[in-house]
Amino acid sequence: MTVLQARGINVSFGAMPAVTGVGFEAGPGTLLGLIGPNGAGKTSLLRALAGLVPFAGTVTLDGGPIAGIGRRSLARTVAYLAQGEPVHWPFTVRELVALGRLPHRPPFQGPSPADREAVAEALALADVEALSDRRVDTLSGGERARALLARALAVKAPVLLVDEPIAALDPYHQMHIMEVLRAYAEAGALVVAVLHDLTLAERFCHRLLLLRGGRLLADGPPHEVLVDDNVRAAYHVAVIHHVHDGERITLPWRRVDPAS
Amino acid sequence: MSGGRGQIGICALLAVLVAALFAVSVLTGRGGAWLPANQHLGREVADIILFQVRLPRALLGVIAGGALGLCGAALQGLLRNPLAEPGLVGASGGAALGAVVVFYFGLFGGALAVPVGGFIGAMAALALLYALAGRSPDVMTLILAGVAINAFAGALTSLALNLAPSPWAALEIVFWMMGSIADRGMNHVAFAAPFAVAGMALVLTTGRALDALSLGRDTARSLGFSPAATTLRVILGTGLAVGAVVSVTGVIGFVGLAVPHLLRPWVGHHPSRLLFPSALAGAAVLLAADILVRLPLRGPELKLGVVTALIGAPFFLHLILKARRTGP
């Protein structure tokens, strides 16, 4: 059970600000979607939360600043899945997923029973058990995305940060990954996911943060964040809404003139 | 997950192989003469041959092969490139230049003048590499900086040859650079061993960080490892170990490149699982090659570096072609 709190986060690359004054607080049981147009600062914010880029402001976990948490301890608390994470050697899926246990393994010791269990659990959660002996470089895009997600799940961290986990996947695999993320969150974790698909973000996330130009434009439940004005202001896109089986669907429909 | 026990088995097997080759190396002479072949030499001469000629040679084979194999595996892990080898960080080029400077200026201040010069050269190359690219997040910068340093050290080495005061000096330099562990004494072993052992110990601490780095820098950091600290440890360890070894033996190529490839089918692709076996296999390969070079009875003895390059270069080509066939 870990509560993540971010206050006044500023990230800049040289003189270029990427994130300006972003703050929010989120706890376990939440799938938090981080949305916004290209260049809005989503990835920079996520990397700041993971402690991967220098930033101004504070990120705390259960009240303690991440800067004061030891490297290994932080690695056990916050798992991070980079966008298009590379796998440089032809590991099997099981070997890849087992790398997620590195923060838990004491020096000079092999995997413990808990490690094996966590790997098996992650393989099952991401539905890649059947692929566990396949080499990563022989997988399709959808299989690879799930294998990489299983690697991040194997950390069993109370906070999971994922950057565009469903980019370049077909609808079946997109929904599959979103279901896995939501299930992981509802099992008691905080999941922060950078997403581009507004329809899926609304469908699966408990809460959305909408960024524009590095600033927080809206923060709340999907139906409050994805209102016409917000989407138009952030994306210069008009959306249509529809209700199906009592669930609201938001669909980007056409571009609008940024000047209007 | 089956790595643990399998790896211990491979290591035990390799250790036995190294011990056997070590014994053969100590007992075999020129043309394959088994000692004591010439009984009439007497006990004293036999002891000199054993302990002052062959023992240092075999010990250097173990140290040099171990350092080259281990550092090759670590660099392939660090640079996430299966074609990396210890020469890449400029330590060999720097050591060659340092040794050549000693030859050229005739600074023979003792039996260890050349190794000391070589080691200083290796350390200088290493410091230059780290200053140029050590903190760069991009491995390509590190590789290219190593290539540039090697090229520059090579150019200066050629310049020394070009301006060599006598053909004798040039010949001396050329022979040294071919790489050999013959005709070295226990003082050479004593010089190289401490640095080589320290460097190898440093490199051996990086296994898990190298495993994590195979998923990229960001993921490695998110798993609790510092890519910058890992880079420093691998480069410093390689510089110490390979620098010390090359400054005693001259340049012995391709061992560090080839050995990890020979082992991957047995121990898998994890850099951490390759490190220790690569040290053992490197020692075995170098001892075996050094036994081979002394088998011909006639003609000048082949230099070890020449033989490893003769075998290693086609192997390197084979790796490139195989990589092209199977994809990255």
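Residues numbered from 1 in each chain as written. Chains lettered and ligands numbered in written order. Predicted model: local features only at pLDDT ≥ 70, side-chain atom pairs only at ≥ 80, totals over all residues.

S.K.: Mind showing me how you'd approach the pairing of strand β10 (residues 215–220) of chain A here?
M.R.: Every other side chain in a regular strand lies on the same face of the sheet, so the side chains alternate between the two faces. Residues and elements named next belong to chain A. In this sheet, β10 lies alongside strand β9 (residues 207–212) in antiparallel orientation, the contact comprising five bridges. Note on β10: the bridge partner recorded for Arg 212 is Arg 215. Connecting β9 to the antiparallel partner β10 that follows it, the hairpin turn spans two residues, and Gly 213 within it adopts a positive phi of roughly 55°. (Pairing = 2+ DSSP bridges. Helix = DSSP H or I, 4+ residues; strand = E, 2+ residues; numbered from the N terminus.)

S.K.: Looking at this structure, how should I read the interface of chain B and chain A?
M.R.: One frequent convention defines the size of an interface as the accessible area lost when the parts assemble. Taken residue by residue, the interface counts 17 residues in chain B and 24 residues in chain A. Looking at the side of chain B that touches chain A, the elements with two or more residues in it are α8 (207–213) and α9 (217–222) of chain B. With four residues, α9 of chain B is the largest single contributor of residues to the side of chain B that touches chain A. Here the residues of the side of chain B that touches chain A sort into four nonpolar, eight polar and five charged. (Contact = placed C-beta atoms within 7 Å. Nonpolar A, V, L, I, M, F, W, Y, C, P; charged D, E, K, R; others polar.)

S.K.: When you look at the nonpolar core in this model, what are you seeing that I'm missing?
M.R.: When a protein is soluble and globular, its nonpolar side chains tend to lie buried together. Core analysis: the largest hydrophobic core is formed by 187 residues, its most contacted members being Leu 34, Leu 161 and Val 191 of chain A together with Ala 67, Ala 241 and Val 245 of chain B. Element by element, the count of residues in this core is highest for helix α2 (residues 43–78) of chain B, at 14 residues. In contact with Leu 34 of chain A, other than residues within four places in its own chain, are Lys 42, Leu 45, Leu 46, Val 192, Ala 193, Val 194, Leu 195, Leu 209 and Leu 211 of chain A. (Core = buried A, V, L, I, M, F, W, Y, C linked by C-beta atoms within 7 Å. Buried ≥ 20, exposed ≤ 12 C-beta atoms within 10 Å, placed from the backbone.)

S.K.: In this structure, what is going on with the environment of Val 162 of chain A? I would like to understand it.
M.R.: Residue and element names in this part refer to chain A. Tracing the sequence through the fold places Val 162 in strand β7 (residues 159–163). Exposure remark for Val 162: the 26 C-beta atoms within 10 Å place this residue in the buried category. In sequence terms Val 162 and Met 16 are 146 residues apart; their C-alpha atoms lie 24 Å from each other. Those residues in contact with Val 162, other than ones at most four positions away along the chain, are Leu 81, Ala 152, Leu 181, Val 191 and Ala 193.

S.K.: Help me understand the packing of α2 of chain B against helix α12 (residues 271–293) of chain B, please; the structure alone is not making it clear to me.
M.R.: Two quantities define a packed helix pair, namely the angle between the helix axes and the distance between the axes. All names here are of chain B. The N-to-C vectors of α2 and α12 enclose an angle of 145°; their axes lie 6 Å apart at closest approach. The way α2 lies across α12 gives a crossing that is right-handed. For the contact of α2 with α12, the per-class residue count stands at 17 nonpolar, eight polar and two charged. (Axes fitted to C-alpha atoms, helices over the stretch in contact; angles between N-to-C directions. Left-handed = near helix turned anticlockwise from the far one by under 90°.)

S.K.: What's the story with the sheet that holds strand β6 (residues 78–81) of chain A in this structure? I'm lost.
M.R.: Working definition: the strands of a sheet are paired by backbone hydrogen bonds and lie parallel or antiparallel to each other. All names here are of chain A. If you trace the six strands from one edge of the open sheet to the other, you get β6-β7-β8-β3-β9-β10, paired in mixed fashion. Whereas interior strands pair on both sides, the edge strands pair on one side only; in this sheet they are β6 and β10. Here the strands of the sheet are splayed against their neighbours by 15° on average, with no regard to which way each runs. In this fold helix α1 (residues 42–49) packs onto β3 (30–35), β7, β8 (190–194) and β9, with an angle of close to 150° to the strand it touches most, β8. Across the sheet, helix α5 (residues 141–154) is in contact with β6 and β7; its angle to β6 comes to roughly 165°.

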